[in-house]
Amino acid sequence: MNKGTAVLRQQNEKKALRLLRTAGSLSRQEMAERLGLSKNTVSVIVQKWIGSGIIREGAPEDAGGVGRPRIPLQLVPGCFQAVGLVVGMSSIRYTVTDYGSLVLEENRRSVQGLSPEDYIEELVALCRELLERYPNVIGIGVAVPALLDPLTGRVLSSSHLEWKNIPLKERMDSQLPVPVLVLNNVKASAMAPVQATRLESGKSSFYMRIGEGVGGAILLNGGLYYGESWTAGEVGHLCVDREGPRCSCGRKGCLEALVCIPRVLEQLGHEGREWSDALGDGTMVAEGRFNRTLAEAGGHVGFALSQVVNLLNPHSVTIDSPYGRYPAFCDAVRKGFEDQALTVPASQTGFTFTHLPNASGTGAAYAVILEYEKE
Ligand SMILES: [Zn+2]
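Residues numbered from 1 in each chain as written. Predicted model: local features only at pLDDT ≥ 70, side-chain atom pairs only at ≥ 80, totals over all residues. Heavy atoms only, no water.

The protein is annotated in an unreviewed UniProt entry as ROK family transcriptional regulator from Paenibacillus aurantius. UniProt, in its Sequence similarities (unreviewed entry) section for the protein, records the words "Belongs to the ROK (NagC/XylR) family." Entered under Function (unreviewed entry) in the UniProt record, the comment concerning the protein runs "Transcriptional repressor of xylose-utilizing enzymes." (UniProt positions renumbered as here; feature names shortened; annotations may be inferred.)

As structure tokens, then:
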């Protein structure tokens, strides 16, 4: 087989794999039609995968007395796994999913005061343990709170971790038998709702996460848009009030400085605490003050999103934060948005409020699956 034919065959195999993952169960004929391939080509691919335990045939289904029975094909559960690691200051969180993004294992391991070199050794040791338990891992996604180059996997800088210019992918790739994909942690989180809502079908969307900081990601055609220097989607540093408080970036009035969790807790008189503790232990803030504070934050978020939507015109917006369960916040987001957004996108952009605290791990694992399927 010449090189061109081999590449073509591999591309067709990946397309077929992706189709079965997203569609669930199809016959050879249906696969051939959807992929625009001959039935013979599909049969060769399917035969190979049945032989290696990746695909299985279901029970034949009667075609109503006409023609031959339909034989449904499915991926074998657990045929492949993907790993997502989340690099944190005090712990590494890890998630193992199967090829359909079902979480098989999720846990964390403490790491304290390690140098970047020792931290990488710890990551590699954890990966080796996971690879021993899950022999069919296709890749490892590593989510890092950092500015990084996703192509080379080099971490340029991370103020959280105090890392600078670390060739993370290169170091890990050289010690592991499966490919490593390095992603910014917010960009990794943005992949989790894509998986859950099947946005990969081609719609564009904007994802915003409000936590200790505020970050975002632009998703085009189901994949991430990074920009020329990998900062596309940094919604936290849009200026929403030029007279506002000083931001961690040194500028004034950034969205992050106005609505991040530490700022809102401070306004509620609970500075320095965790959101879940401050609101879950009975020391709840007076309702009026609480609603006013969250409405103010929601107004800022809505204004920032109106600018994003006017510029990008995405199909939908996902806001991932612990505030989304409070109507005072959601109503203010919608109002702040509608006040400033152009009429057409204001009426057509779908909003989803969610809270996905472990999204970086599942998102990183999902990004590995998409990478594996790339042609
Ligand atoms: Zn800023």
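**Overview of the nonpolar core**
Side chains that are nonpolar tend, in soluble globular proteins, to be buried together. One finds Met31, Ile54, Leu75 and Tyr99 to be the most contacted residues of the largest nonpolar core, which totals 42 residues. If sequence neighbours within four positions are ignored, Tyr99 has contacts with Leu17, Arg21, Leu75, Cys79, Phe80, Ile138, Ile369, Tyr372 and Glu373. Among the nonpolar cores identified, the runner-up in size contains 40 residues, and Met208, Val214, Val308 and Phe337 belong to it. (Core = buried A, V, L, I, M, F, W, Y, C linked by side-chain atoms within 4.5 Å. Buried < 20%, exposed > 50% of the residue type's maximum accessible area, 1.4 Å probe, protein only. Contact = heavy atoms within 4.5 Å.)

**Description of the environment of Gly84**
Inspection of the secondary structure assignment puts Gly84 in strand S3 (residues 81-87). Taking the C-alpha atoms as reference, Gly84 lies 32 Å from Arg28; in sequence the two are 56 residues apart. Those residues in contact with Gly84, other than ones at most four positions away along the chain, are Arg93, Tyr94, Thr95, Gly141, Gly361, Ala364 and Ala365. (Helix = DSSP H or I, 4+ residues; strand = E, 2+ residues; numbered from the N terminus.)

**Focus: the coordination of the zinc ion**
Listed as protein donors to the zinc ion are His237 (ND1), Cys247 (SG), Cys249 (SG) and Cys254 (SG); their distances from the metal cover 2.0 to 2.3 Å. Around the zinc ion, the four donor atoms are arranged such that angles at the metal cover 105 to 120°; this shape is classified as tetrahedral. (Donors = N, O, S within 2.8 Å, 3.2 Å for Na, K, Ca; no water. Tetrahedral: all angles 85-135°; square planar, octahedral: opposite > 155°, others 65-115°.)

**Let's talk about the UniProt feature "domain: HTH cro/C1-type" (unreviewed entry) in the protein**
Here the UniProt feature "domain: HTH cro/C1-type" (unreviewed entry) sits at residues 17-43. Helix and strand shares over residues 17-43 are 74% and 0% respectively, and the end C-alpha atoms of the span are 13 Å apart.

**Quick word on the pattern of salt bridges**
Per the counting criterion, the structure on display carries twelve salt bridges. Close ionic contact of Lys48 with Glu13 constitutes a salt bridge, the shortest N to O distance being 3.0 Å. Placement of Lys48 in helix H3 (residues 39-51) and of Glu13 in helix H1 (residues 3-23) is noted, with a sequence separation of 35 residues between them. For Lys48, a relative accessible area of 45% corresponds to the partly exposed category. Across the salt bridge formed by Asp173 and Lys169, the nearest N and O atoms sit 2.7 Å from each other. Taken together, the positions of Asp173 and Lys169, both in helix H5 (residues 168-173) and four residues apart, correspond to about one turn of that helix. (Salt bridge = Lys/Arg side-chain N within 4 Å of Asp/Glu carboxyl O.)

**Considerations on the layout of surface pockets**
Counted as a void, the second largest pocket has a volume near 700 Å³. Considering the residues around the second largest pocket, the lining is formed by 31 residues, among which Ala367, Leu370, Glu371, Tyr372 and Lys374 are closest to the centre. At the level of elements, H1, strand S6 (137-144), strand S10 (180-184), strand S13 (223-225) and helix H13 (359-373) are the ones that each hand at least two residues to the lining of the second largest pocket. Top contributing element to the lining of the second largest pocket by residue count: H13, with six residues. (1 Å grid on protein atoms, 1.4 Å probe; cavity = no way out; pocket = protein on both sides within 12 Å on 5 of 7 lines; lining within 4 Å. Points joined across faces, edges and corners; volume = space filled by probe spheres on them.)

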